[in-house]
Amino acid sequence: MHEVILVNELDEAIGSMEKMEAHEKALLHRAFSVFLFNKHGEMLLQKRAATKYHSPSLWTNACCSHPMPGESTEQAALRRLEEELGFTTPVHKAFHFTYKAAFDNGLTEYEFDHVFIGEYEGAMQLNAEEVSEVCYKSIAVIKDEIAHDAGSYTEWFKIALPLLEEWLQQNHPTYAAA
């Protein structure tokens, strides 16, 4: 089973626990979200596979998951890009945030989420157990879609997007303006 790193509000590790148990007990744990952009500043989105244990068939960022005990968050981000989308690309940490979201199936995501960004335009090998499709869209189009159909995007994506947009405006205006 996959273990997650339990943390306090400062992201200091305080233990580990099996992933499903941490989500059942709504315990704060370390996570990451990767946001990738093409050269036009459009964001890579993935549609989660229909068989995912929560948020199936919803659109979200390029990938997200949890580092395993003993693994750095950046190493985990690169590992999951390869496992879900079939490629790796350099990423760098932009910021972090904490969020809590309860799901219909009784699980709760309570995560200290490290946000990484990078660029990628190339071939992908989608893992059908994780991802059903991908596309690139501008932030403006994504925001419009969320305004009209919020239920088609994951909860964490809707929480992270305005934080990401603010960070991009200050640090990477080309992506923010796309």
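A quick note: this is a predicted structure, and the numbers were derived from the prediction, not measured.

Visitor: Kindly report on the overall build of the protein chain, identifying the contributing residues and their values.
Guide: A count of helical and extended segments in the protein chain gives five helices and nine strands. Reported as C-alpha extents along the three principal axes, the dimensions of the protein chain are approximately 40 × 30 × 30 Å. Of all 178 residues assigned to the protein chain, the portion counted as buried reaches 52%. Contacts in the protein chain between residues at least 24 apart in sequence constitute 63% of all its contacts with a sequence separation of at least 6. About 8300 Å² of surface is accessible on the protein chain, with carbon and sulfur atoms providing 51% of the total. One way to put it: in the protein chain the 14 positive side-chain charges average out to a point 1 Å from where the 28 negative ones average out.

Visitor: Give a description of the environment of K100 that names residues and reports values.
Guide: Within the secondary structure layout, K100 lies in strand 7 (residues 91–102). In this structure K100 comes out as exposed when scored by relative accessible area, which is 51%. Sequence separation between K100 and E155 is 55 residues, and the spatial gap between their C-alpha atoms is 9.3 Å. Aside from chain neighbours lying at most four places away, what touches K100 is A26, T108, E109 and Y110.

Visitor: Which residues make up the pattern of salt bridges, and what are the values?
Guide: Applying the stated criterion across every chain yields a total of twelve salt bridges. One salt bridge connects R80 with E130, and the closest N-O pair in it is separated by 3.1 Å. Placement of R80 in helix 2 (residues 73–85) and of E130 in the loop between strand 8 (108–119) and strand 9 (131–137) is noted, with a sequence separation of 50 residues between them. Note on accessibility: R80 and E130 belong to one class, buried. E155 is the partner of K158 in a salt bridge, and the nearest nitrogen-oxygen pair spans 3.0 Å. One end of the pair, K158, and the other, E155, are both in helix 4 (residues 155–171), three residues apart, so they sit about a helical turn from each other. With a relative accessible area of 35%, E155 lands in the partly exposed category. Each of K52, E71, R79, R80, E83, E84 and E130 takes part in a single network of salt bridges with overlapping partners.

Visitor: Pulling in residues and values, what's your account of the packing of aromatic side chains?
Guide: Counted under the stated rule, the structure contains five aromatic pairs. Seen from their ring centres, Y153 and F157 are 5.4 Å apart, and the 20 degrees between their planes marks the pair as stacked. As far as the burial class goes, Y153 and F157 line up, both buried. Ring pairing ties together the aromatic residues F35, Y153 and F157, which thus form one cluster. Its guanidinium or amino end placed over the ring of Y110, K100 lies 4.7 Å from that ring's centre, counting from NZ or CZ.

Visitor: An account of helix 4 is needed here, citing residue identities and associated values.
Guide: For helix 4, spanning 17 residues, the distance from its first C-alpha to its last is 24 Å, which sits close to the expected 24 Å at 1.5 Å a residue. L161 marks where helix 4 bends most, by close to 30 degrees; the proline P162 follows one to four residues later. For helix 4, the complete set of buried residues consists of W156, F157, A160, L161, L164, E165, W167 and L168.

Visitor: Account for the state of the cysteines, with residues named and values stated.
Guide: Each disulfide is one covalent bond, formed between the sulfur atoms of two cysteines. One pass over the full model with this rule turns up zero disulfides. Looking at C64, it has no disulfide partner, and the nearest cysteine sulfur is the one in C63, 6.7 Å off. There is no disulfide at C135, and the cysteine sulfur nearest it, in C64, is 15 Å away.

Visitor: Give me the lowdown on the UniProt feature "domain: Nudix hydrolase" (unreviewed entry) in the protein chain, citing residues and values where you can.
Guide: UniProt marks residues 27–159 with the feature "domain: Nudix hydrolase" (unreviewed entry), using the numbering shown here. Along residues 27–159 one finds 21% helix and 39% strand; the C-alpha atoms at either end are 19 Å apart.

What counts, and at which threshold
Residues numbered from 1 in each chain as written. Predicted model: local features only at pLDDT ≥ 70, side-chain atom pairs only at ≥ 80, totals over all residues. Heavy atoms only, no water. Helix = DSSP H or I, 4+ residues; strand = E, 2+ residues; numbered from the N terminus. Buried < 20%, exposed > 50% of the residue type's maximum accessible area, 1.4 Å probe, protein only. Contact = heavy atoms within 4.5 Å. Areas by Shrake-Rupley, 256 points an atom, 1.4 Å probe, with all protein chains shown as cover. Lys, Arg positive; Asp, Glu negative; His and termini not counted. Charge placed at Lys NZ, Arg CZ, Asp CG, Glu CD. Salt bridge = Lys/Arg side-chain N within 4 Å of Asp/Glu carboxyl O. Phe/Tyr/Trp six-rings, centres within 6.5 Å; stacked < 30°, edge-to-face > 60°. Lys NZ or Arg CZ within 6 Å of the ring centre and 35° of its normal. Expected span 1.5 Å × (residues − 1). Bend = angle between axes of the 7 residues up to and from the residue. Disulfide = S-S within 2.5 Å. UniProt positions renumbered as here; feature names shortened; annotations may be inferred.

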